[in-house]
Amino acid sequence: MSANRPAAVVVLAAGEGTRMKSATPKVLHDICGRSLVGHVLAASRELEPQDLVVVVGHAREQVAAHLAEVDPTVRTAVQEKQKGTGHAVRMALEELGGAVDGTVVVVCGDTPLLTGETLQRLAGTHAADGNAVTVLTAEVPDATGYGRIVRDEASGAVTAIVEHKDATDAQRAIREINSGVFAFDGRLLADALGKVRTDNSQGEEYLTDVLGILREAGHRVGASVAGDHREIAGINNRVQLAEARRILNDRLLERAMLAGVTVVDPASTWVDVTVTFEQDAVVHPGTQLLGATHLAEGCEVGPNTRLTDTRVGAGARVDNSVSVGAEVGPQASVGPYAYLRPGTRLGLKAKAGTYVEMKNARIGEGTKVPHLSYVGDATIGEYTNIGAASVFVNYDGQDKHHTTVGSHCRTGSDNMFVAPVTIGDGAYTAAGSVITKDVPAGSLAVARGQQRNIEGWVARKRPGSAAAKAAEAVSRKPEGES
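Residues numbered from 1 in each chain as written. Predicted model: local features only at pLDDT ≥ 70, side-chain atom pairs only at ≥ 80, totals over all residues. Heavy atoms only, no water.

- In the nomenclature of an unreviewed UniProt entry, the chain is known as Bifunctional protein GlmU of Streptomyces himalayensis subsp. himalayensis.
- According to its UniProt record, the chain has this under Subunit (unreviewed entry): "Homotrimer."
- UniProt annotates the chain under Subcellular location (unreviewed entry) with the comment "Cytoplasm". (UniProt positions renumbered as here; feature names shortened; annotations may be inferred.)

Pasting the structure below:
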């Protein structure tokens, strides 16, 4: 457990976010497999707080439902009207029963790049320096529009946070800015919030006013500088959302590569935070790895592949394919241009080849479905070969039915298996067959009409056509001439 464990973390997520121009609340927009607020919750959880409170307001039912799904133990406080950040924190403290003994960390719900490591450093600085409040700050290349951190030259303590519009020329030259993230002494915070005024242009309670109140009361205000200024970036529009996604994706890929994964082209590879890897996995260009996808040792994925909630076994190969909720066994082969749907399980050295679609199918060790086939609601045994252009007819218009194909079977091309039906071990089926009855083990099933050739049909039914002329030319050739 962290030695600097805070009493509470408060996440501010009540704003509307109008600049996103979206029906979706801003904090619920997704990057790299988590919502914006989901990333903030994950970082906050690394502090191991006694309580984690999210302040909701705009679209609060939708936001609260999402919170219950991603972090069921989180508490919510409602800010009925957005009356400023200070008011939002007051609502959180009311949810916690009033003044809190210990440290209260306040973070913004739209900062997905913020890391648990940075928050831990903030809490550590706050405790070590004995501050009443500690501000998370950052040194930025261009501070235009941000509140500047003004420090005491002798002690380094924060004397003021000056908004850009109110700053002097000398203050505007400062590149250290306020992030909107703070660590407070809980008791002092509650007392100071009761003294925050609303006589400003917005008529709101500003959390930053607490710093001045505490300083005037003789308390120390300190700062902790983030190692990477990009961590504190808030998301206000789709451009910033894309920029944050790129940064976070690069961070995730760097971590994977340092752990022994080969990413051939990081610029065209996208991963979610929930994706896991083993060493010597290879990811080729144009690949998306989403959800709970896992790549085992030595497997290869891509190029141009999208895997969602898919497990790829050691030494397997997935090429130019899409997979959702599937499991690819060790040394198995998928693609190119295959589609694995939920419930698909490929065994050791199994194959789902070119233009093959599978759904809820269990494919045994060494079994091959090489090309142009649909396998749905089926179980196929070991070392069976399914002929090209085969269709497992699993749906009767109302219900789904199951097909079972045994081990060491050889099914012909252009077969239809009309479920429910069972093909026994070692059985064969002839090309072009529609199999509607069970086939006993070791049998050959033929289910097609006898071929009948009707001589002269084209000349009679299509006189003068190109086909008729071609046939007539053949008939005029001397015998033996090709």
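Structural notes on the overall build of the chain
Then, in step 1: The secondary structure content of the chain amounts to ten helices and 37 strands.
Then, in step 2: On C-alpha atoms alone, the chain measures out to a radius of gyration of 33 Å, which is more than a quarter above the 23 Å that the 2.2 N^0.38 rule sets for 482 residues.
Then, in step 3: Every one of the 482 residues in the chain was classed for burial, and the buried ones make up 45%.
Then, in step 4: Taking as baseline every contact in the chain between residues at least 6 positions apart, the subset at least 24 positions apart corresponds to 40%.
Then, in step 5: Entry remark: accessible area of the chain is about 22,900 Å², with carbon and sulfur atoms responsible for 48%. (Helix = DSSP H or I, 4+ residues; strand = E, 2+ residues; numbered from the N terminus. Rg over C-alpha atoms; globule rule 2.2 N^0.38 Å. Buried < 20%, exposed > 50% of the residue type's maximum accessible area, 1.4 Å probe, protein only. Contact = heavy atoms within 4.5 Å. Areas by Shrake-Rupley, 256 points an atom, 1.4 Å probe, with all protein chains shown as cover.)

Some remarks on helix 6 (residues 186–193)
Then, in step 1: Regarding helix 6, the residues found buried are Gly186, Leu189, Ala192 and Leu193. Buried residues of helix 6, viewed axially, fall in a sector of 130°; they line one side.
Then, in step 2: For helix 6, the capping residue at the N-terminal end is Asp185, with a side-chain oxygen 3.1 Å from the backbone nitrogen of Arg187. (Arc of directions from axis to C-beta. Polar contact = N/O pair within 3.5 Å; in protein donor to acceptor, adjacent residues only side chain to side chain.)

Description of the pattern of salt bridges
Then, in step 1: Summed over the entire model, instances satisfying the criterion amount to 18 salt bridges.
Then, in step 2: Of the charged contacts in the structure, one is a salt bridge between Asp51 and Arg75, with a shortest N-O distance of 3.2 Å. Of the two residues, Asp51 is situated in strand 4 (residues 51–56) and Arg75 in strand 5 (residues 75–78); the sequence distance between them amounts to 24 residues.
Then, in step 3: Judged by its relative accessible area of 24%, Asp51 is partly exposed. (Salt bridge = Lys/Arg side-chain N within 4 Å of Asp/Glu carboxyl O.)

Details of the packing of aromatic side chains
Then, in step 1: Summed over all chains, the structure comprises three aromatic pairs.
Then, in step 2: Considering the side-chain rings of Tyr337 and Tyr355, the 5.4 Å spacing of their centres and the 20° angle between planes classify their relative orientation as stacked. With Tyr337 in the loop between strand 24 (333–334) and strand 25 (339–340) and Tyr355 in strand 27 (residues 351–363), the pair connects residues that are 18 residues apart, well separated along the chain.
Then, in step 3: The class for Tyr337 is partly exposed, based on a relative accessible area of 45%.
Then, in step 4: We note Arg246 situated over the ring of Trp270; from NZ or CZ to the ring centre the distance is 4.3 Å.
Then, in step 5: Over the ring of Tyr395 we find Lys400; its NZ or CZ atom is 5.6 Å from the centre of that ring. (Phe/Tyr/Trp six-rings, centres within 6.5 Å; stacked < 30°, edge-to-face > 60°. Lys NZ or Arg CZ within 6 Å of the ring centre and 35° of its normal.)

Examining the domain arrangement of the chain
Then, in step 1: Segmenting the chain into domains produces domain 1 (8–232) and domain 2 (248–445).
Then, in step 2: Domain 1 and domain 2 are separated by 47 Å when their C-alpha centres are compared.
Then, in step 3: Between domain 1 and domain 2, the residue contacts involve eight residues of the former and seven residues of the latter.
Then, in step 4: Taken together, the two surfaces of domain 1 and domain 2 that pack against each other cover about 600 Å², and 64% of this comes from carbon and sulfur. (Domains from an automatic or database assignment. Buried area = accessible area lost by both parts, 1.4 Å probe.)

Regarding the pairing of strand 1 (residues 8–13)
Strand residues, when the strand is regular, have side chains that alternate between the two faces of the sheet.
Then, in step 1: Most of strand 1 sits out of view: six of its six residues are buried.
Then, in step 2: Neither face of strand 1 is left uncovered, since the one carrying Ala8, Val10 and Leu12 and the one carrying Val9, Val11 and Ala13 both have all their residues buried.
Then, in step 3: By the bridge criterion, six bridges tie strand 1 to strand 4 in an arrangement that is parallel. Bridged to Leu12 within strand 4 is Val55. (Pairing = 2+ DSSP bridges.)

Overview of unusual backbone geometry
Only a minority of non-glycine residues have a phi that is not negative, and only a minority of peptide bonds are not trans.
Then, in step 1: Cis geometry is adopted by the peptide bond preceding Pro336, which originates at Gly335 and carries an omega value of 0°.
Then, in step 2: By the secondary structure assignment, Pro336 is in the loop between strand 24 and strand 25.
Then, in step 3: For the bond running from Ala419 to Pro420, omega is 0°, close enough to zero to count as cis.
Then, in step 4: Residue position: Pro420 is located in the loop between strand 33 (416–418) and strand 34 (421–423).
Then, in step 5: Of note, the phi angle at Asp280 is positive, near 70°, even though the residue is not glycine.

Side note on helix 2 (residues 60–70)
Then, in step 1: Every buried residue belonging to helix 2 is among Val63, His66 and Leu67, and all of these are buried. Looking down the long axis of helix 2, one finds its buried residues gathered within 100° of arc, a one-sided arrangement. Opposite the buried face of helix 2, by more than 90 degrees, sit the exposed residues Glu61 and Glu69.
Then, in step 2: Turning to helix 2, the residues buried within the fold contact strand 3 (34–35), helix 1 (36–45), strand 4 and strand 5.

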